[in-house]
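Coordinates in review
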Amino acid sequence: MGEVIVVTSGKGGVGKTTTSANIGTGLAAAGHSVVLVDTDIGLRNLDVLMGLENRIVYDLVDVTSGNCLIKQALIKDKRFFNLFLLSASQTKDKTAVNPEQMKVLAAELKAEFDYVIIDCPAGIEQGFRNAIAGADWAIVVCTPEVSSIRDADRIISLLEAAELRNPKLIINRLRPAMIKSGNMMDTTDILDILDVELIGAVPENESIIISTNHGEPAVMDNNSKAGEAYRNITRRIQGEEVPLLNIDESHGMMYRLKRLVGLGLH
Amino acid sequence: MLEFIARMLGKESASSKMVAKERLQLVLIHDRASMSPDMLNSLREDLIKVISKYIDIDEAALEFDLCQDEKDVALVANIPVIKMKRDYAAKG
Ligand SMILES: Nc1ncnc2c1ncn2[C@@H]1O[C@H](COP(=O)(O)OP(=O)(O)O)[C@@H](O)[C@H]1O
Ligand SMILES: [Mg+2]
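Below you will find a few notes about this structure.

Rules and cut-offs
- Residues numbered from 1 in each chain as written.
- Chains lettered and ligands numbered in written order.
- Predicted model: local features only at pLDDT ≥ 70, side-chain atom pairs only at ≥ 80, totals over all residues.
- Heavy atoms only, no water.
- Axes fitted to C-alpha atoms, helices over the stretch in contact; angles between N-to-C directions.
- Helix = DSSP H or I, 4+ residues; strand = E, 2+ residues; numbered from the N terminus.
- Left-handed = near helix turned anticlockwise from the far one by under 90°.
- Contact = heavy atoms within 4.5 Å.
- Nonpolar A, V, L, I, M, F, W, Y, C, P; charged D, E, K, R; others polar.
- Parallel < 35°, antiparallel > 145°, perpendicular 65-115°, else oblique.
- Expected span 1.5 Å × (residues − 1).
- Buried < 20%, exposed > 50% of the residue type's maximum accessible area, 1.4 Å probe, protein only.
- Polar contact = N/O pair within 3.5 Å; in protein donor to acceptor, adjacent residues only side chain to side chain.
- Pairing = 2+ DSSP bridges.
- Near = heavy atom within 4 Å.
- Areas by Shrake-Rupley, 256 points an atom, 1.4 Å probe, with all protein chains shown as cover.

**Quick look at the packing of helix α1 (residues 16-29) of chain A against helix α11 (residues 225-237) of chain A**
All names here are of chain A. Running from N to C, α1 and α11 cross one another at 65 degrees; their axes reach a closest spacing of 9 Å. Crossing geometry of α1 relative to α11 is assigned as right-handed. Packed against α1, whose contacting residues are Thr18, Thr19, Asn22, Ile23, Gly26 and Leu27, the element α11 presents Tyr230, Ile233, Thr234 and Ile237 at the interface. Looking at side-chain class alone, the contact of α1 with α11 contains 5 nonpolar, 5 polar and no charged residues.

Right, here's the structure in full:
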C-alpha cells in the first residue's frame, strides 16, 4: 500500500507543478513506482513538464466518469518504466470531478503504486477539495513573498480542517543575493511565521526554465542546484534525514571578501 | 564576523525583508482570527453549556464575537446573568 501526497499552495505560480514533476521523477529514479495525477482541470501543465504532452489519449475525467479504465489513462514516462502520468482534462468542465470520486481513485492508485503525487490547482475551491480528498499528507509550496506566505497559512488551516495535519513546507525560488542584501525573507524568517515543518528549500534557478523547455525535470540534472534541492526533498520523503542544502554556496568566502573590500573603500 | 562588520557599517539597514515580515505577521493575526460561522456557533453553544452549570444566564441576550484591533484579537462576550446558582457546591 503506497502513500498519496498532495502538492498544494493556494497561490498560483509558486511551483506546485514543478515540484510534483521533480519529486515524482526523483522517487521513480530511486526505484519506487510512482503515478503523478494532474488535477488542474482546464489548465493542465504536468504533461508538458514531463515531456508527455503528445501521448495523452484519456484523462482524469475519462477515468472518474467511467469512460475508460484507469490503466488506459496512465501514460508511461519517457525515462522510467515505473513512472506514470494521469493527466487533467484540458477541455472539460472543472466540476466534472468531485471529491468522492477522487477518494475512490486515490485508493485504487495507492493499492498499485508506492507513491501517488497529486498536483493541485491554485485556489481553495472545488479543484482544491478534489486534490486533497484522497491524500494521506500534504506538501505546501510557497515562495518568500508576503502574498504567497499568507496564502500558504490559509491553506495550512484549510488542510487542518480537512484532517490533513502536519503538512510539510517547501520554500521555492529563494534568491541568495536578495537574502544577503536583506531584501528577501529566508527560511528562518518564514518558519518563524508559519508553524510547519520544512521539507525543502529550492533556489530560484534558470535550470528550472531550461528543464521545462526540454520537458525533463531538473531533478535528473546533476549540475542543477534546484535539482539537487529536489533530490534532497525526494530523500526526505523516503524518510531519510538530509541536512538542508546551503543555497548560499555561490556567495561563499570570495563574495564576502569582495564585499569587505568594497566596504573598505567607503 | 564579516557579516557583523557589514551590519555595523549599516550596510543591511535598507532591509525590506523586515518590513515584509512585520506586515505579514500583522495580516496573519487578522486572517487567523476569522472563524467559520459553524465553529463560532458550536463554541457559543459549548460556552453556554459550561457557564450554565454555575450561573443562570440570559441566552437570548448573550453577545459573543471575535474583536480585533491593530495588533491583538480578543474573544469578547457579554453574558447577562439572571441568577447565581448558590447551591452548586452542595449538590456536588
Ligand atoms: N526554483 C525555480 N526557479 C526558477 N523558476 C521557477 C522555479 N520554480 C518554478 N519556476 C517557474 O515558475 C513558474 C510557475 O511554476 P509552476 O510549477 O507552474 O507553478 P504552479 O504549479 O504553482 O502554478 C514556471 O514558469 C516555472 O518554470
Ligand atoms: Mg500548476
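**Description of the packing of helix α5 (residues 99-112) of chain A against helix α6 (residues 126-133) of chain A**
All names here are of chain A. At a closest axis distance of 7 Å, the pairing of α5 and α6 adopts a crossing angle of 25 degrees. Viewed along their axes, α5 and α6 adopt a mutual orientation that is roughly parallel. You can see that α5 and α6 cross each other, and the crossing is right-handed. Side by side, α5 and α6 meet where Pro99, Met102 and Lys103 of the first sit next to Gln126, Arg129, Asn130 and Ala133 of the second. When its residues are assigned to classes, the contact of α5 with α6 shows 3 nonpolar, 2 polar and 2 charged.

**Side note on α11(A)**
Residue and element names in this part refer to chain A. Helix length check: α11 (13 residues) gives 19 Å between terminal C-alpha atoms against 18 Å at 1.5 Å per residue, within 8%. Those residues of α11 not exposed but buried are Ala226, Gly227, Ala229, Tyr230, Asn232, Ile233, Thr234, Arg236 and Ile237. Between a side-chain oxygen at the N-terminus of α11 and the backbone nitrogen of Ala226 the separation is 3.3 Å; the capping residue is Ser224. Gly239 occupies a position one or two residues after α11 and carries a positive phi of about 95 degrees.

**Considering the sheet that holds strand β1 (residues 3-8) of chain A**
Residues and elements named next belong to chain A. Reading across the sheet, the 8 strands line up as β3-β4-β2-β5-β1-β6-β7-β8 and stay open at both edges, with mixed pairing between neighbours. Of all strands in the sheet, those bounded by a partner on one side alone are β3 (75-76) and β8 (197-203). Both β3 and strand β4 (residues 83-86) contribute to a ladder of 2 bridges, which runs antiparallel. Within β4, the position partnered with Ile75 by the bridge is Leu85. Against the sheet, α11 engages β1, β5 (115-119), β6 (137-142), β7 (168-174) and β8, with an angle of about 160 degrees to β8.

**Quick look at the site of ligand 1**
All names here are of chain A. Near ligand 1 lie 14 residues; those nearest to it are Gly13, Lys16, Thr17, Thr18 and Arg173. Taking Lys16, its side chain carries an N or O atom lying 2.8 Å from an oxygen atom of ligand 1. A distance of 3.0 Å separates a nitrogen atom of ligand 1 from a polar atom in the backbone of Pro203. When the free accessible area of ligand 1 is taken as 560 Å², the share hidden by the protein chains comes to 80%. The set of elements that each furnish at least two residues to the shell around ligand 1 consists of α1, β7 and β8. Among the elements that line the shell around ligand 1, the one with the most residues is α1, at 3 residues. Within the shell around ligand 1, the residues separate by chemical class into 4 nonpolar, 7 polar and 3 charged.

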